Amino acid sequence: VVLTPGYYAISYYISTVMKRHCFIKLTPVFNNCKQTMYTTYAEAAKRKEMLALSRYFIVEIPAGSTLFFAWQSSAEDSKINMNLSIEKLCRQ
């Protein structure tokens, strides 16, 4: 997603059912670098366990930037559901 300069409220929710013991990790990337302070992490202790990641944060984008997410998982494959909300705030 391409963001123009300004303030944004960003929230996301991800859910998945893991086939085995493993982890998932999601890190937003904007302003040309990984934003590790907004990273979310979950670990499944057993098979067929549902994992959910959720995060809400407000950021300033000083110059145009692309928003994307760096996904890491120790599972070979998994199906995920993701809800993403991006709202530009009117701040001066």
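For the structure, see preceding data.
These numbers come from a predicted model, not from an experiment.

Rules of the game
Residues numbered from 1 in each chain as written. Predicted model: local features only at pLDDT ≥ 70, side-chain atom pairs only at ≥ 80, totals over all residues. Heavy atoms only, no water. Helix = DSSP H or I, 4+ residues; strand = E, 2+ residues; numbered from the N terminus. Contact = heavy atoms within 4.5 Å. Areas by Shrake-Rupley, 256 points an atom, 1.4 Å probe, with all protein chains shown as cover. Lys, Arg positive; Asp, Glu negative; His and termini not counted. Charge placed at Lys NZ, Arg CZ, Asp CG, Glu CD. Buried < 20%, exposed > 50% of the residue type's maximum accessible area, 1.4 Å probe, protein only. Core = buried A, V, L, I, M, F, W, Y, C linked by side-chain atoms within 4.5 Å. Pairing = 2+ DSSP bridges.

Now for the overall build of the protein chain. Along its length, the protein chain carries 0 helices and 9 strands. Taken from the N to the C terminus, the helices and strands of the protein chain come in the order β-β-β-β-β-β-β-β-β. Along the first, second and third principal axes, the C-alpha set of the protein chain runs to 50 × 20 × 20 Å. Within the protein chain, residue pairs in contact and separated by at least 24 positions form 76% of the contacts whose partners lie at least 6 positions apart. As displayed, the protein chain offers around 6,000 Å² of accessible surface, 52% of which is attributable to carbon and sulfur atoms. The centroid of the 11 positive side-chain charges in the protein chain is displaced by 3 Å from the centroid of its 6 negative side-chain charges.

Attention shifts here to the side chain of Ser15. Its place among the elements puts Ser15 in strand β2 (residues 6-17). Judged by its relative accessible area of 12%, Ser15 falls in the buried class. Those residues within four positions of Ser15 in sequence are excluded, and the remaining contacts are Met50, Leu51, Ala52, Lys79, Ile80 and Asn81.

With that out of the way, let us pick up the nonpolar core. By size, the foremost hydrophobic cluster in this structure holds 20 residues, and its most contacted members are Met18, Phe30, Phe57 and Val59. Mapped by element, the contributors of at least two residues to this core are β2, β3 (22-30), β5 (40-44) and β6 (50-61). Not counting residues within four places of it along the chain, the set of residues in contact with Met18 comprises Ile24, Ala44, Arg47, Lys48, Glu49, Leu51, Ser73, Ala75 and Ser78.

In terms of strand pairing, β2 meets β6 through 12 bridges, oriented antiparallel. Residue pairing in the sheet places Ala9 in a bridge with Ile58 of β6. Across 10 bridges, β2 lies against strand β9 (residues 80-89) in antiparallel orientation. Along β9, the bridge assignment pairs Ser15 with Asn81.

All quantities given are derived from atomic positions and should not be read as evidence of function.
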